[in-house]
Amino acid sequence: GAVVSQHPSRVICKSGTSVKIECRSLDFQATTMFWYRQFPKQSLMLMATSNEGSKATYEQGVEKDKFLINHASLTLSTLTVTSAHPEDSSFYICSVLQGTDTQYFGPGTRLTVL
Amino acid sequence: QKEVEQDPGPLSVPEGAIVSLNCTYSNSAFQYFMWYRQYSRKGPELLMYTYSSGNKEDGRFTAQVDKSSKYISLFIRDSQPSDSATYLCAITNQGGKLIFGQGTELSVKP
């Protein structure tokens, strides 16, 4: 399967600052990537679908101006949490789509907003 | 009704036991079925992928799909403490958007 990395693995920031999370596909070119958020003891919640070279498609209830997604190349997608607040603290996970139906996930980024 | 329902557990078994994890889904249009394993504070890891009714075996793991009942299962034989994790079922159609179950937390005691 595909190998996916995320950076940073953990970030702590102050309320009101912006945080950028990188997701890299290390061994194949990913046209489509996904961003998820996971709260403790809960399943993954899809935030948005990111297609290389076009605007991301956000799920209902996800603020596109708060969670900025850029997929400028076939190996890199970034998620920027703008003006972060404590309620944005969560585990953020990206995935890459291989073929038409199989997703491989990154190791996740734990965001803590103080 | 949720599109995918999964027994939330937690499930605790002794080492060597056979583990059965189950999900049901509501939409018969879904074609692809997956099981992911997620260790604490890590991303999910793809364990099994199936697209037809029947059984698929990989080592100690067997995925079972019954499309007529809209029921999917994952069996773990000879469970090991290293199998302790949260197991997530997921379904999808072509296009790749996954719908996850709630996850079952499994603990295998030595």
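Up top is the structure these notes are about.
First things first, this report covers the structure right here in the doc. (Residues numbered from 1 in each chain as written. Chains lettered and ligands numbered in written order. Predicted model: local features only at pLDDT ≥ 70, side-chain atom pairs only at ≥ 80, totals over all residues. Heavy atoms only, no water.)

1. Considering the interface of chain B and chain A
Next up, step 1: With 22 residues of chain B at the interface, the matching set in chain A holds 21 residues.
Next up, step 2: Note on chain B versus chain A: buried area summed over both sides is about 1600 Å², and carbon and sulfur give 53% of it.
Next up, step 3: For the pair chain B and chain A, the interface holds two salt bridges.
Next up, step 4: Its salt-bridge partner being Glu105 of chain B, residue Lys41 of chain A comes within 3.3 Å of it at the nearest N-O pair.
Next up, step 5: Where chain B packs against chain A, one counts seven residue pairs in polar contact (both at pLDDT 80 or more).
Next up, step 6: Among the elements of the structure, β4 (32-38), β5 (45-50) and β9 (85-92) of chain B are those that each provide at least two residues to the side of chain B that touches chain A. (Contact = heavy atoms within 4.5 Å. Buried area = accessible area lost by both parts, 1.4 Å probe. Salt bridge = Lys/Arg side-chain N within 4 Å of Asp/Glu carboxyl O. Polar contact = N/O pair within 3.5 Å; in protein donor to acceptor, adjacent residues only side chain to side chain. Helix = DSSP H or I, 4+ residues; strand = E, 2+ residues; numbered from the N terminus.)

2. Overview of the pattern of salt bridges
Next up, step 1: Throughout the structure, instances matching the rule amount to seven salt bridges over all chains.
Next up, step 2: Here Glu59 of chain A and Lys97 of chain B are joined by a salt bridge, their closest N and O atoms 3.0 Å apart. Taken as a pair, Glu59 of chain A in the loop between β6 (57-58) and β7 (67-73) and Lys97 of chain B in the loop between β9 and β10 (99-100) lie in two separate chains rather than in one.
Next up, step 3: Exposure remark for Lys97 of chain B: the relative accessible area of 42% places this residue in the partly exposed category. (Buried < 20%, exposed > 50% of the residue type's maximum accessible area, 1.4 Å probe, protein only.)

3. So, the state of the cysteines
Next up, step 1: By the definition in use, this model includes two disulfides over all chains.
Next up, step 2: A sulfur-sulfur separation of 2.0 Å characterises the disulfide bridge that pairs Cys23 of chain B with Cys89 of chain B. On the S-S bond that ties Cys23 of chain B to Cys89 of chain B, the torsion sits near -100 degrees, and the link is left-handed. Note that Cys23 of chain B is positioned in strand β3 (residues 19-25) and Cys89 of chain B in strand β9, a separation of 66 residues in sequence. Like Cys89 of chain B, Cys23 of chain B is buried.
Next up, step 3: The cysteine Cys13 of chain A is free of any disulfide, with Cys94 of chain A supplying the nearest cysteine sulfur at 18 Å. (Disulfide = S-S within 2.5 Å.)

4. Considering the packing of aromatic side chains
Next up, step 1: Applying the stated rule across the entire model yields 10 aromatic pairs over all chains.
Next up, step 2: The interplanar angle of 40 degrees and the centroid separation of 6.4 Å between the aromatic rings of Phe67 of chain A and Tyr92 of chain A together place this pair among those described as tilted. Within this pair, whereas Phe67 of chain A is found in strand β7, its partner Tyr92 of chain A is found in strand β9 (residues 90-98), the two being separated by 25 residues in sequence.
Next up, step 3: Residue class for Phe67 of chain A comes out buried when judged on its relative accessible area of 3%.
Next up, step 4: Classification of Tyr92 of chain A by relative accessible area gives buried; the value is 0%.
Next up, step 5: Through pairs of rings, three or more aromatic residues link up here, namely Phe34, Tyr36 and Phe105 of chain A together with Tyr36 and Phe100 of chain B. (Phe/Tyr/Trp six-rings, centres within 6.5 Å; stacked < 30°, edge-to-face > 60°.)

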